[in-house]
Structures are given as structure tokens and as C-alpha cells.
Amino acid sequence: IGGLLTDTGRIAQLIEQGACADEGLFLVLLDGACRSLREFGHTHDLGRPADSRLAFRELGLAIGLAALEPIERLVKARPVSSIEIGSLEARLELLRESRGLRAAICEFWCEPAHRRAPTWVEHADINEVMLATSLLPDGWVALNSPDAGRGSASSKVDILE
């Protein structure tokens, strides 16, 4: 789901920059992300203990949810021509409602006790990278970002110490 959202956000940025005119691809990715988010909402319980959760999967979703801004920006700036606006707005509303998942996932895995769970320790290398990326996603999500790879990360990194 996170990969779909990230790719949707990247395509939105490319369309916005005039580097891509394939609004159809944008819509296919957006539809896939929305269907996947609905299914996630029906099947995944973020209230489960850390030892029964896979951090890297959840953090991937959190990273993807950071791509909502360019998706919304594209839709507001220039309505996508291939579908009716009401349908597109319904998809955006689902994404907006899912925005809170990002904070919930990041806060959960920033908790040191949760990072001692066997499911974290067994995949510590990828989990640590995914957590860091979820806390500072612009370098991954934003194309041609003037702030990509720069800026102060200390306030977010302090959470991990």
C-alpha cells in the first residue's frame, strides 16, 4: 500500500511538473491504493501487540501516507480529465481519513519497548531504515525537493534515542 501511495504521489508530481502526461496511470495507482487502504482497514488491527506486527510493512504504509500532499495538490490544481470529480473526491476523502494512520504507526514504533519485540529485532536492519524514512519521508517521497537530504532531523531522531 505504501508503495502504491508513494508511486501515486510521484506520478502526481511528474504530471504537475509537466514531465508526464499519463493521467491514466495516476488514476490506476490511486484506485489501487484506495482499494488496498479499504482492505487494510477491514483486516489490520493496529491495536495488536508489537510481537504480532511487522514494523517494516506498517512503516512502509506510513511512508506512503506522506505522499498524500502531492496527490491532493494535483487534484486541486488541475482536475484529472478521465473520471468525474465526485468519484475522485471520494477517493481523496478516503486518503484524508487514513492520514491519522501515519502518526499512529510512527508513534507506536518510536516507543523503545516496541522495538524490543522479537518481530522488530529479527528484521532490525530494514525496520530501522523504514522508521527513519517514515520520520523524514521527503527525501524519498518528494521529487526534486530542495530540502531532500537536508534540514534538521535532530528533533525527530531524538525520539529514537
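Right above here is the structure, for reference.
Predicted model, so just to flag it, every value in this text is computed and none were measured. (Residues numbered from 1 in each chain as written. Predicted model: local features only at pLDDT ≥ 70, side-chain atom pairs only at ≥ 80, totals over all residues. Heavy atoms only, no water.)

Counting secondary structure elements, the chain contains 9 helices and 0 strands. Intrachain contacts of the chain at a sequence separation of at least 6 include 75% that bridge at least 24 residues. Just so you have it, the chain exposes about 8,500 Å², and 54% of that area is on carbon and sulfur atoms. (Helix = DSSP H or I, 4+ residues; strand = E, 2+ residues; numbered from the N terminus. Contact = heavy atoms within 4.5 Å. Areas by Shrake-Rupley, 256 points an atom, 1.4 Å probe, with all protein chains shown as cover.)

Before going further, it helps to examine the nonpolar core. Residues Leu5, Phe26, Leu59, Leu95 and Trp109 are the most contacted members of the largest nonpolar core, which totals 41 residues. Mapped by element, the contributors of at least two residues to this core are helix H1 (2-16), helix H2 (23-43), helix H3 (55-65), helix H4 (68-77), helix H5 (85-110) and helix H7 (124-135). No other element matches the 9 residues that H5 contributes to this core. Not counting residues within four places of it along the chain, the set of residues in contact with Leu95 comprises Leu5, Leu30, Cys34, Leu37, Leu68 and Ile71. (Core = buried A, V, L, I, M, F, W, Y, C linked by side-chain atoms within 4.5 Å. Buried < 20%, exposed > 50% of the residue type's maximum accessible area, 1.4 Å probe, protein only.)

Moving on, we get to the packing of aromatic side chains. Within the structure shown, the criterion is met by 2 aromatic pairs. Here the aromatic rings of Phe108 and Trp109 are separated by 4.9 Å at their centres, their planes lie at 85°, and the arrangement is edge-to-face. Of the two residues, Phe108 and Trp109, both sit in the buried class. Aromatic pair Trp109 and Trp120: ring centres 5.6 Å apart, planes at 25°, arrangement stacked. Of this pair, Trp109 sits in helix H5 while Trp120 sits in helix H6 (residues 118-121), and the two are 11 residues apart along the sequence. Accessibility classification places Trp109 together with Trp120 in one group, the buried group. Clustering of aromatic rings is evident, with ring pairs tying together Phe108, Trp109 and Trp120. (Phe/Tyr/Trp six-rings, centres within 6.5 Å; stacked < 30°, edge-to-face > 60°.)

Moving on: the environment of Gln13. Within the fold, Gln13 resides in helix H1. Residue Gln13 is classed as buried on the basis of its relative accessible area of 4%. Along the sequence, Gln13 and Asn144 sit 131 residues apart, while their C-alpha atoms lie 9.4 Å from each other. Gln13 has contacts with Pro70, Arg73, Val141, Ala142 and Leu143, leaving out every residue within four places of it along the chain.

As a further point, take H7. With 12 residues, H7 should reach 16 Å at 1.5 Å per residue; the first-to-last C-alpha distance of 16 Å fits that figure. When we look at burial in H7, the residues that qualify are Asn127, Met130, Leu131, Ser134 and Leu135. Angularly, the buried residues of H7 cover 130° about the axis, an arc narrow enough to put them on a single face. (Expected span 1.5 Å × (residues − 1). Arc of directions from axis to C-beta.)

Among the structural elements, Arg115 can be located in the loop between H5 and H6. Within the buried core, Arg115 has no salt-bridge partner, and the shortest N-O distance to an opposite charge, that of Glu128, equals 6.8 Å. At 2.5 Å, the side chain of Arg115 and the backbone oxygen of Cys110 are in polar contact. (Lys, Arg positive; Asp, Glu negative; His and termini not counted. Salt bridge = Lys/Arg side-chain N within 4 Å of Asp/Glu carboxyl O. Polar contact = N/O pair within 3.5 Å; in protein donor to acceptor, adjacent residues only side chain to side chain.)

Viewed as axis vectors pointing N to C, H3 and H7 meet at an angle of 20°, and their least axial separation amounts to 9 Å. Viewed along their axes, H3 and H7 adopt a mutual orientation that is roughly parallel. Where H3 crosses over H7, the handedness of that crossing is left-handed. Residues Ala55, Phe56, Leu59, Gly60, Ala62 and Ile63 of H3 pack against Ile126, Asn127, Met130, Leu131, Thr133 and Ser134 of H7. Split into classes, the residues belonging to the contact of H3 with H7 amount to 8 nonpolar, 4 polar and no charged. (Axes fitted to C-alpha atoms, helices over the stretch in contact; angles between N-to-C directions. Parallel < 35°, antiparallel > 145°, perpendicular 65-115°, else oblique. Left-handed = near helix turned anticlockwise from the far one by under 90°. Nonpolar A, V, L, I, M, F, W, Y, C, P; charged D, E, K, R; others polar.)

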